[in-house]
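Structure at a glance
Take a look at the letters that make up each chain.
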Amino acid sequence: MAYITQNPDEVPAPVRIGLIGSGWMGAFHAESIARRVPGAVLAAIADPNLESAQALARSLGTAKVSPNAEDILADPAIDAVIIASPARFHSSLIAQAAAAGKHVFCEKPAGLGIEELDAALAAVDTAGVHFQIGFNRRYADDFRAAKKDLAAGTIGTPQLMRSLTRDPGNGSIPNAARVPAWTIFLETLIHDFDTLNWFNEGAEPVEVYALADALVEPALRDQGFLDTAVVTIRYSNGAIAVAEANFSALYGYDIRGEVFGSKGMVQAGRATETTARRYTAEGLSADTPRLNVELFRQAYTDELADFADVVRAQRDGVPPSSSAFTLTPGAADARRALAMALACIESVKQGAPAAVAASPVDYAEEKA
């Protein structure tokens, strides 16, 4: 039997992606690109910890490795980058990648300050590259299903909303003293802020009131460490939301969301791995996830598949696919969630409600 030869023009070239940062999340993203995202290729890895980058590259069959992100940004064969470095480098790397003509996927937060993020997003806009922020919760099946109902008006006008993040733990937090200040807002609750904004699309967060403390590791309270927080958010359409987080849930990883509206309610997320339950003499029990990459494994993959699809479409001049609702988190979403996190920090410092920095008109219209 003879081979059937296809026209090379009919086979889209793969999206060649470079990884910047080979730590925990970067390594997982690298594995997803290399093994689970069709039409994408992990082309290079950069990390100042060259030994870490080389080990990851060997495990995934990637030939190009460097201690310098600049090598990836200067490589004309690379279409896009995943930024998974420490958060303090994110805004600078976004701007550098955009200036180099690379499409950008960045882990949250996209910056640690509004001014630095605005400068980075201005560079993205000038370069005309695609930018996506790593708010993976949008890609989880149940959260996407809830959003579909909200977009269809099934629940009516949102009135009360809730989102929570409880990280798994055993009653203590390893290396808590080395956790950067304000992590609970900038890197944990920032996911909840995006979820609430997405669920209440078209409205702007106006004001937050945050309470936070070190209840898991009280000995670190005087050092400014925070492991427990509750935030009340007021939106421009009158909706009121609550976001909460804790760093040590003994029963496992727990991510949930809820919207109560004028016509009903929708919920997303569960604290168990499956809906299976076991009933024994000891009572009722169920298995629970213990890692983010367990709970959101498919969501992490799908967000990168979405990124690769958009990059390919933009690179090849293909019209973008349509959707019944907004899915891909972009510049406006990154800025809005960061503004909320920074307002929470101000609220805790002042012990009072704090205003959320308004989005620029162009970002606000991006989602309209």
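Structure: above.
Residues numbered from 1 in each chain as written. Predicted model: local features only at pLDDT ≥ 70, side-chain atom pairs only at ≥ 80, totals over all residues. Heavy atoms only, no water.

Moving on: helix α4 (residues 90-99). Residues of α4 that are buried include every one of His-90, Ser-91, Leu-93, Ile-94, Ala-97 and Ala-98, and no others. Around the axis of α4, the buried residues are gathered within 165° of arc, so they sit on the same side. Packed against the buried residues of α4 are β1 (15-20), α3 (69-73), β4 (80-83), β5 (103-106), α5 (114-127) and β6 (131-133). Where α4 terminates, the next one or two residues include Gly-101, which has phi positive at roughly 80°. (Buried < 20%, exposed > 50% of the residue type's maximum accessible area, 1.4 Å probe, protein only. Helix = DSSP H or I, 4+ residues; strand = E, 2+ residues; numbered from the N terminus. Arc of directions from axis to C-beta. Contact = heavy atoms within 4.5 Å.)

On to the sheet that holds strand β11 (residues 254-261), then. One open sheet accounts for seven strands, arranged β12-β11-β7-β10-β9-β8-β15; its pairing is mixed. If you trace the sheet from one side to the other, it starts and ends with β12 (264-268) and β15 (354-355), each paired once. The sheet contact formed by strand β7 (residues 158-168) and strand β10 (residues 240-249) spans eight bridges and is parallel. Across the sheet, Leu-164 pairs through a bridge with Glu-244, a residue of β10. In the packing of helix α6 (residues 141-151) onto the sheet, the strands contacted are β11 and β12, and the crossing angle to β12 comes to about 160°. Along the sheet face, helix α10 (residues 331-350) touches β8 (205-213), β9 (228-235) and β15 and points at about 50° away from the line of β8. (Pairing = 2+ DSSP bridges. Axes fitted to C-alpha atoms, helices over the stretch in contact; angles between N-to-C directions.)

A full pass over the atoms with the stated rule returns seven aromatic pairs. Seen from their ring centres, Phe-143 and Phe-199 are 6.2 Å apart, and the 15° between their planes marks the pair as stacked. Here Phe-199 lies in helix α7 (residues 183-199) and Phe-143 lies in helix α6, a separation of 56 residues in the sequence. The pair formed by Phe-143 and Phe-199 is uniform in burial state, with each residue classed as buried. Taken together, the ring pairs connect Phe-143, Trp-198, Phe-199 and Phe-325 into an aromatic cluster. Stacked on the ring of Phe-28, the Lys or Arg Arg-36 has its end atom at 5.1 Å from the ring centre. (Phe/Tyr/Trp six-rings, centres within 6.5 Å; stacked < 30°, edge-to-face > 60°. Lys NZ or Arg CZ within 6 Å of the ring centre and 35° of its normal.)

What follows concerns a nonpolar patch on the surface. Taken together, the side chains of Leu-160, Ile-240, Phe-260 and Met-265 make up a nonpolar region of the molecular surface, amounting to roughly 360 Å² of accessible area. Note on placement: Met-265 falls in strand β12. (Patch = residues over 30% accessible without salt bridge, like charges linked within 9 Å, V, L, I, M, F, W, Y side chains within 5 Å. Areas by Shrake-Rupley, 256 points an atom, 1.4 Å probe, with all protein chains shown as cover. Salt bridge = Lys/Arg side-chain N within 4 Å of Asp/Glu carboxyl O.)

Next up on the list: the pattern of salt bridges. Per the stated rule, a full pass over the model turns up 20 salt bridges. Across the pair Asp-254 and Arg-256 runs a salt bridge whose closest N-O atoms are separated by 2.9 Å. For Arg-256, a relative accessible area of 27% translates into the label partly exposed.

Judged by nonpolar contacts, the single largest core of 86 residues is most densely connected at Phe-131, Phe-185, Phe-193, Val-231 and Ile-233. In terms of residue count, the dominant contributor to this core is α10 (10 residues). Ignoring any residue separated from it by four or fewer positions in sequence, one finds Phe-185 in contact with Ile-190, Phe-193, Ala-210, Ala-212, Leu-226, Ala-229, Val-231, Ala-341, Cys-344, Ile-345 and Val-348. Judged by nonpolar contacts, the second largest core, of 21 residues, contains Leu-56, Phe-105, Phe-307 and Ala-308. (Core = buried A, V, L, I, M, F, W, Y, C linked by side-chain atoms within 4.5 Å.)

With that settled, consider the environment of Asp-79. With respect to the helices and strands, Asp-79 occurs in the loop between α3 and β4. For Asp-79, a relative accessible area of 17% corresponds to the buried category. Not counting residues within four places of it along the chain, the set of residues in contact with Asp-79 comprises Pro-14, Val-15, Arg-16, Gly-101, Lys-102, His-103, Val-311 and Arg-315. A polar atom in the side chain of Asp-79 sits 3.3 Å from the side chain of Arg-315. (Polar contact = N/O pair within 3.5 Å; in protein donor to acceptor, adjacent residues only side chain to side chain.)

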